[in-house]
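So the chains spell out like this:
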Amino acid sequence: MAPSTVRVTLDGEITLRAKESYLSDCAQCHGEGGKGVKRERAPPLTFQLDWYLRKQMENFRNGKRQHGREPIAAEPSAELAVELVAWLASLPNSGM
């Protein structure tokens, strides 16, 4: 299945806080541009629809889902998760 080019379906503000949070807490596994890191077995995030990313962040926060090899310090708050998803959905999704 080809990646969707329309990934923004939800409202969310793109913030500098989201970018900084992503770069400090997520980029080491998912890459600076969200394209994933194969050696870390971390999938690309730029190909995901915003509603799917938001649901997965909720699942991590509620303990329904866990990160791969190593646990992270803390899942983002619900508010920050919305901002992170908006920021990720604003990134280009070409290439991997």
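Every chain's residues receive numbers from 1 upward, in the order its sequence appears when written. Totals for whole chains, interfaces and linings use all residues, but because this is a predicted model, local features are given only for residues with pLDDT of at least 70 and pairs of side-chain atoms are given and counted only at 80 or more. In computing side-chain properties, one takes all heavy atoms of the structure into account and sets aside hydrogens as well as water.

### A short note on the nonpolar core
Counted only if it meets this: We define the nonpolar core as a collection of buried residues of types Ala, Val, Leu, Ile, Met, Phe, Trp, Tyr and Cys that are connected through side-chain atoms lying within 4.5 Å of one another. The buried label applies to any residue whose accessible area, calculated with a 1.4 Å probe on protein chains only, is under 20% of its type's maximum; exposed applies above 50%, and partly exposed to all values in between. Each helix corresponds to a stretch of at least 4 residues labelled H or I by DSSP, and each strand to a stretch of at least 2 residues labelled E; elements are numbered beginning at the N terminus.
One finds Tyr22, Leu45, Leu53, Met57, Leu84, Trp87 and Leu88 to be the most contacted residues of the largest nonpolar core, which totals 13 residues. Broken down by secondary-structure element, the contributors of at least two residues to this core are helix H1 (16-25), helix H3 (50-61) and helix H4 (78-89). Considering each element in turn, this core owes the most residues, 6 residues, to H4.

### Notes on H3
Worth spelling out the cut-off: A helix's residues, less one, multiplied by 1.5 Å, set its expected span. Whether two residues touch is decided by their heavy atoms; if any such pair falls within 4.5 Å, the residues are in contact.
Helix length check: H3, at 12 residues, gives a terminal C-alpha distance of 17 Å against a target of 16 Å (1.5 Å per residue), a fit within 8%. Among all positions of H3, only Asp50, Leu53, Gln56, Met57, Asn59 and Phe60 are buried. For H3, the elements touching its buried residues are H4. Taken from the residues just after H3, glycine 63 is the one with a positive phi, measuring 80°.

### Notes on H4
The end-to-end C-alpha distance of H4 is 17 Å, a good match for the 16 Å that 12 residues give at a rise of 1.5 Å each. Here H4 lies mainly inside the structure; 9 of its 12 residues are buried. Turning to H4, the residues buried within the fold contact H1 and H3.

### Looking at the environment of tryptophan 87
With respect to the helices, strands and loops of the structure, tryptophan 87 is situated in helix H4. Since its relative accessible area comes to 9%, tryptophan 87 is described here as buried. Put simply, tryptophan 87 and threonine 15 are 72 residues apart on the chain and 7.0 Å apart in space, counted from C-alpha to C-alpha. Residues contacting tryptophan 87, with those up to four places away along its chain left out, are Ile14, Thr15, Ala18, Lys19, Tyr22 and Glu32.

### What to know about the pattern of salt bridges
Threshold: We define a salt bridge as a contact between a side-chain nitrogen of Lys or Arg and a carboxyl oxygen of Asp or Glu at a distance within 4 Å.
Under the defined criterion, the tally for this structure stands at 3 salt bridges. Glutamate 83 serves as the salt-bridge partner of arginine 17, at 2.9 Å between the closest nitrogen and oxygen. One end of the pair, arginine 17, is in helix H1; the other, glutamate 83, is in helix H4, with 66 residues separating them in the sequence. The exposure class assigned to arginine 17 is partly exposed, which follows from its relative accessible area of 39%. For glutamate 58, the salt bridge is made with lysine 55, and the minimal N-O distance between the two is 3.4 Å. Here glutamate 58 pairs with lysine 55, and both are found in helix H3, just 3 residues apart, close to one helical turn. Ionic contacts of the salt-bridge type, sharing partners, join the residues Arg17, Glu79 and Glu83 into one network.

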